[in-house]
Protein chains: 2
Amino acid sequence: MSNQTRFLLSENDIPRFYYNVLADSPVPPAPVLNPITREPVTPDFLSAIFPMEIILQEVSQERYIEIPEPVREAYKLYRPTPLIRALRLEKALDTPAHIYYKYEGVSPSGSHKTNTALAQAFYNKISGTRAITTETGAGQWGSALSMACRFFGMDLEVYMVKVSYEQKPYRRFLMETYGAQVFASPTTRTQAGRAILEKDPNSPGSLGIAISEAVEAAATSGGAKKYALGSVLNHVLLHQSVIGEEALKQMDMAGEYPDMVIGCVGGGSNFAGIAYPFLRYNLTEGRNTRLIAVEPKAAPSLTRGVYGFDYGDTARMAPIVKMHTLGHDFIPPAIHAGGLRYHGMAPSLSAFYDAGLIEAVAVGQRAVFEAAVLFTQQEGILPAPESSHAIRVAIDEALKCKETGEKKVILFNLSGHGHFDLSAYNKYLSGQLEDYDFPEDAIATIAQRLPQVSIPA
Amino acid sequence: MSNQTRFLLSENDIPRFYYNVLADSPVPPAPVLNPITREPVTPDFLSAIFPMEIILQEVSQERYIEIPEPVREAYKLYRPTPLIRALRLEKALDTPAHIYYKYEGVSPSGSHKTNTALAQAFYNKISGTRAITTETGAGQWGSALSMACRFFGMDLEVYMVKVSYEQKPYRRFLMETYGAQVFASPTTRTQAGRAILEKDPNSPGSLGIAISEAVEAAATSGGAKKYALGSVLNHVLLHQSVIGEEALKQMDMAGEYPDMVIGCVGGGSNFAGIAYPFLRYNLTEGRNTRLIAVEPKAAPSLTRGVYGFDYGDTARMAPIVKMHTLGHDFIPPAIHAGGLRYHGMAPSLSAFYDAGLIEAVAVGQRAVFEAAVLFTQQEGILPAPESSHAIRVAIDEALKCKETGEKKVILFNLSGHGHFDLSAYNKYLSGQLEDYDFPEDAIATIAQRLPQVSIPA
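The structure displayed is predicted, hence computed values, not measured ones. Position labels on residues start from 1 in each chain and follow its written sequence. In the order they appear in the text, chains get letters beginning with A and ligands get numbers beginning with 1. This being a predicted model, a pLDDT of at least 70 is required before a residue's local features are given, and a value of 80 or more before pairs of side-chain atoms are given or counted; all residues contribute to the totals for chains, interfaces and linings. In computing side-chain values, all of the structure's heavy atoms are included and hydrogens and water are not.

## Some remarks on the pairing of strand β7 (residues 155-161) of chain A
Residue and element names in this part refer to chain A. Type-normalised accessible area, obtained with a 1.4 Å probe on protein chains alone, sets the label of each residue: buried when under 20%, exposed when over 50%, and partly exposed for intermediate values. Strands here mean DSSP runs of E at least two residues long; helices mean DSSP runs of H or I at least four residues long; both are numbered from the N terminus. The buried count for β7 comes to six of seven residues, which makes it a mostly enclosed element. As defined by bridge partners, strand β6 (residues 131-136) adjoins β7 across six bridges and the pair is classed as parallel. Among the inter-strand pairings, Ile132 is bridged to a residue of β7, identified as Leu156. With its strands directed away from the observer, a crossover is right-handed exactly when the path from the first strand over the helix to the second travels clockwise. Handedness of the crossover joining β6 and β7 through helix α6 (residues 140-151): right-handed. Sheet topology places β7 next to strand β8 (residues 181-185); five bridges connect them, and they run parallel. Note on β8: the bridge partner recorded for Val161 is Ser185. Strand pairing requires that DSSP identify at least two bridges connecting the strands.

Now the structure itself:
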């Protein structure tokens, strides 16, 4: 144990394999259902929108999947990311706890999303995909995929929720600088978009509509275009395992092992990225690291949702999966952590939560920004509102240690920077930030709003 | 020589000493003059606005000045910064040259300015300063000093040029998140500000006015407040030498030594930071590394200015120094590289340029953004418009190597990221970015516009 601040690995330490938690999972996977037939999907259904390499990864039970060399080469631009000991924050909290954070904001596009974007772009490239379609809300995923598509020489169409397109022009400009085409969704380019505009020409759009447009654009392209998703699915979480694999080595450099690993959850990918490699040792070596998923009170799919079969998107075009959900028709309040505004949760993470293998906490927006400002002032780095959910709980746990005197080791994932979120900080600092609780009415009706399926839930 | 992408040092490699080029300078320093008397300044004049430690550094002839341990501790949050080989850019240019860049944008506030901000905040703190005043234009310096003052527990008043205050709210919000007080200059808080507002209540402000306000606020505080400057002066350039000292070690790791070192210049601090440690070996060991300062065509103080005595600020409250200048009353066109819009140049850098020890090139705004977009698409990192001046010349030199077949080694300083400059990128991509050349009329009159001094120029 040292008083070192940053724990750095060399590029030889970039993981050579993704870790697939499904190989160690004690919970059998539930089938994925076709949204039309509500029967288990056929390969045809998926291959209309995903390349075969991705589909195989999605259902793989192999424990370790080799990272292709061109992807590792691209990772070298920012990986391994630093593990940082929050010495100044510890001091400010006057806690005996040791707080470490893995900082994914050093990625050129600003968040962990780059980890899967590069992998997905590569697998598409070698499968002959000429262009990719995707949706983006807050813009972190769209930025990451824009960079990745440029790196591997493919076109990208981004369907960006219209209200974000208008209110967050910087994220759009970043995607365009990387060379992507960005459209304000709903557009007139797709049947789904036109149908919405016919009903409401001034529709502000939604993530659900944008997904529908991106999926349709790929599915109707005769195979030239494929669709890519930035969270939820197994292959996305798989690619994020590089975060935890590196963190394991870096905690070893620090001479410590975490008592708890904390990450924010929207679809679940950054939490899974840091937590699953530690879950492996809980499952296989009897370790007892607490794995804590932090969700916003405004969209508490784990702590308040129902575990059942539901559509992945609002427009009911995406597959039906078994997950913790608030109902596909639930639209979360407009919290500033746009990346956490999702009605569902990754199926694997839902299953582990259901099995008691991971914990979950829901926190409110103002408490999150209070933690974010304290962190910025102590550590210098301005965190993304999403990542600040993890900071909030890390601070709370460190304060508990102050009371008990326990020297616990806390590790959290700082999944991205907040350089494009400063208007939210300004709102908080000027006392204008609202807190949203999850509406109790909506909770009572979740089960009724789920699709009827013949598979036993 | 390897195909490694990033060259990383451990925190033990953070330099222990700043390198003071004045110890090796073959050019005698010119005196600094009081702006009122136009005679050499007395210690009294400087001590009204700077703490004694800073004044001593400003005139020191010691070759190496120890970096205080608390400053090194704070550097550990982001230093050593990476040296990155631009392998993808080299390939895109099809050049035999090897291109390396030192990336200072990993600093929490986003640029190299943090290096001197932490040092200045520390020296002020141990001198009993309770609050610091400063000005900021584009906001990189203000952000860096805001973080540094928070770290060392001091208040900060930032006089931000009103037009930037209104047009660049994100930079302001960042400073406020760090805990600084930010005022739109001209303010009614100072005599200088009130005088301007009396004449023009709608004054958009200028860097010159903001400097005057910040200096006045410190000078009239009875010693409680001191003033801090982010470039130009010897002590600022001194603190930036950590960039070049690290780069020397990292080039050694890469098994190469640069044929040329390139940096952008406004006041000169980031260029000096990377170049002076290499200049040392040109001067003392017969090395012949070309040192190329890149300035905007809109403010070409080195390539088109006059070398003579001039005021440091527009309002004639700052000391008179001998430097390359376009005249203190010259207001550069509104290029997006706000950090390079300065009429003068650091005295040491001006002297070295005059003595033929460094070279200078002026480049236009559109050519700079063309280079910036190419860099972003190849390397992923979105550069600041200021830093992109260096990228432009690095690319030009690499393209010359393509013609000649020479395998030259190019090193440039990527002094900051462009996350707060995306509207400029958008203007460039949509064909709306203007090019400014330096007005020839203004050049002809520079000499007449300089103050009359009795010291021989």
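Still to come is the rest of the account.
## Regarding the sheet that holds β8 of chain A
Residue and element names in this part refer to chain A. One open sheet accounts for four strands, arranged β8-β7-β6-β9; its pairing is parallel. Lying at the two open borders of the sheet, with one neighbouring strand each, are β8 and β9 (225-227). Taking the axes of each pair of neighbouring strands and ignoring which way they run, one obtains an average angle of 25° across the sheet. Whether two residues touch is decided by their heavy atoms; if any such pair falls within 4.5 Å, the residues are in contact. Note on method: axes are straight lines fitted to C-alpha atoms, helices fitted across the in-contact stretch only, with angles between N-to-C directions ranging 0 to 180 degrees. Against the sheet, helix α8 (residues 169-178) contacts β6, β7 and β8, and its axis sits at roughly 170° relative to β7. Docked against the sheet, helix α10 (residues 207-219) engages β6, β7, β8 and β9, running at close to 170° with respect to β6.

## So, the side chain of Asn124 of chain B
Residues and elements named next belong to chain B. Mapping Asn124 onto the fold places it in helix α5 (residues 113-126). Residue classification places Asn124 among the buried positions, given a relative accessible area of 1%. Within the local environment of Asn124, its side chain forms a polar contact with the backbone oxygen of Gln120, the two atoms lying 2.9 Å apart. Here Thr129 takes part through its side chain, which lies 2.9 Å from a polar atom of the side chain of Asn124. In this structure Asn124 touches Pro51, Thr129, Ile132, Met154 and Lys226, once residues within four positions along its chain are discounted. Polar contacts, as counted here, are pairs of nitrogen or oxygen atoms within 3.5 Å of one another; within protein the pair requires one atom able to donate a hydrogen and one able to accept it, and residues that are adjacent in sequence qualify only if both atoms are side-chain atoms.

## So, the relation of the copies chain B and chain A
The transform that puts chain B on chain A rotates by 180° and translates by 0.0 Å along the axis, for an RMSD of 0.0 Å. Here the two chains are linked by the operation of a two-fold rotation axis. Of all interface residues in chain B, 100% are interface residues in chain A too; the two copies therefore contact each other through one and the same surface. Least-squares fitting of one copy onto the other uses the C-alpha atoms of those residues that reach a pLDDT of at least 70 in both copies.

## As for the packing of aromatic side chains
Pairing of aromatic side chains here covers Phe, Tyr and the six-membered ring of Trp, requires ring centres within 6.5 Å, and sorts the geometry by plane angle: under 30 degrees stacked, over 60 edge-to-face, intermediate tilted. In this structure the tally under the stated criterion is 33 aromatic pairs over all chains. Centroid distance Tyr101 of chain A to Phe375 of chain A: 5.1 Å. Interplanar angle 75°. Geometry classified as edge-to-face. Pair noted here: Tyr101 of chain A is in strand β5 (residues 98-103) and Phe375 of chain A is in helix α15 (residues 365-379), with a separation of 274 residues, a long-range link. Residue Phe375 of chain A is classed as buried on the basis of its relative accessible area of 0%. On the basis of an interplanar angle of 75° and a centroid distance of 6.5 Å, the ring pair of Phe17 of chain B and Tyr64 of chain B is categorised as edge-to-face. Pair noted here: Phe17 of chain B is in strand β2 (residues 17-19) and Tyr64 of chain B is in strand β3 (residues 64-66), with a separation of 47 residues, a long-range link. On the basis of relative accessible area, Phe17 of chain B is assigned to the partly exposed category, the value being 39%. Clustering of aromatic rings is evident, with ring pairs tying together Tyr170 and Phe173 of chain A together with Tyr170 and Phe173 of chain B. Of note, Arg88 of chain B hangs over the ring of Phe151 of chain A, and the distance from its end group to the ring centre comes to 3.7 Å. To sit over a ring, a charge needs its Lys NZ or Arg CZ within 6 Å of the ring centre and within 35 degrees of the ring normal.

## Notes on the pairing of strand β13 (residues 320-325) of chain A
Each regular strand shows side chains that alternate between the opposite faces of the sheet. All names here are of chain A. The element β13 is largely enclosed, with a buried count of six among its six residues. Here β13 shows no split at all, with Ile320, Lys322 and His324 on one side and Val321, Met323 and Thr325 on the other all buried. With six bridges connecting them, strand β12 (residues 306-311) and β13 associate as antiparallel partners. The partner of Tyr311 across the bridge, within β13, is Ile320.

## Let's talk about the packing of helix α15 (residues 365-379) of chain B against helix α16 (residues 385-404) of chain B
Residue and element names in this part refer to chain B. The interhelical angle for the contact between α15 and α16, taken along N-to-C directions, is 85°, at an axis separation of 8 Å. In this view, α15 runs roughly perpendicular relative to α16, as classed from their interaxial angle. Of the residues in α16, those touching α15 at Ala367, Val368, Phe369, Glu370, Ala371, Ala372, Leu374 and Phe375 are Pro385, Ser388, His389, Ile391, Arg392 and Ile395. In the scheme used here, Gly and all other residues not listed as nonpolar or charged are polar, with Ala, Val, Leu, Ile, Met, Phe, Trp, Tyr, Cys and Pro taken as nonpolar and Asp, Glu, Lys and Arg as charged. Among the residues forming the contact of α15 with α16, the class breakdown is 10 nonpolar, two polar and two charged. Note on terminology: angles under 35 degrees are roughly parallel, angles over 145 are roughly antiparallel, angles of 65 to 115 are roughly perpendicular, and the others are oblique.

## Details of the interface of chain B and chain A
With 42 residues of chain B in contact, the opposing surface of chain A contributes 42 residues. Summing both sides of the interface, chain B and chain A together bury roughly 3800 Å²; the carbon and sulfur share of this comes to 58%. A simple way to read buried area is as the amount of 1.4 Å-probe accessible surface that goes missing from two parts once joined, with both sides added. It is Tyr170, Thr177 and Gln377 of chain B in chain B that bury the most area against chain A; as a group they hold 17% of the surface buried on that side. Note on definitions: salt bridges are taken to be side-chain nitrogens of Lys or Arg within 4 Å of carboxyl oxygens of Asp or Glu. At the junction of chain B and chain A, the tally comes to zero salt bridges. Put simply, chain B and chain A have 21 residue pairs in polar contact (both at pLDDT 80 or more) between them. Per element, the largest residue contribution to the side of chain B that touches chain A is six residues, and it comes from helix α8 (residues 169-178) of chain B. In terms of residue class, the side of chain B that touches chain A is built from 20 nonpolar, 13 polar and nine charged.

## Regarding the UniProt feature "modified residue: N6-(pyridoxal phosphate)lysine" (unreviewed entry) in chain A
UniProt positions are given in the numbering used here, feature names are shortened, and annotations may be inferred rather than shown by experiment. The UniProt record marks Lys113 of chain A with the feature "modified residue: N6-(pyridoxal phosphate)lysine" (unreviewed entry), using the residue numbering of this structure. Structurally, Lys113 of chain A can be placed in helix α5 (residues 113-126).

## Observations concerning the UniProt feature "domain: Tryptophan synthase beta chain-like PALP" (unreviewed entry) in chain A
The UniProt record marks residues 77-416 of chain A with the feature "domain: Tryptophan synthase beta chain-like PALP" (unreviewed entry), using the residue numbering of this structure. Measuring from the first to the last C-alpha atom of residues 77-416 of chain A gives 16 Å, for a span that is 44% helix and 19% strand.

## As for α15 of chain B
Residue and element names in this part refer to chain B. Under the 1.5 Å per step criterion, the end-to-end length of α15 is 21 Å for 15 residues, consistent within 8% with the ideal 21 Å. For α15, a buried count of 11 out of 15 residues is recorded, marking the element as mostly surrounded by other parts of the structure. Of all the positions in α15, only Gln365, Val368, Phe369, Ala371, Ala372, Val373, Phe375, Thr376, Gln377, Gln378 and Glu379 are classed as buried. In the stretch just after α15, Gly380 is the one whose phi turns positive, near 90°. A helix is expected to reach a length of 1.5 Å times the quantity of its residues less one.

## A word on the pattern of salt bridges
Under the definition given, this model contains 44 salt bridges over all chains. Residue Glu397 of chain B is joined to Lys400 of chain B by a salt bridge in which the shortest nitrogen-to-oxygen separation is 3.1 Å. On the criterion of helical spacing, the pair formed by Glu397 of chain B and Lys400 of chain B is a turn pair, its members being three residues apart in helix α16. Assessed through its relative accessible area of 48%, Lys400 of chain B is described here as partly exposed. One salt-bridge network, in which partners are shared between bridges, spans Arg79, Lys102, Glu104 and Glu246 of chain A.

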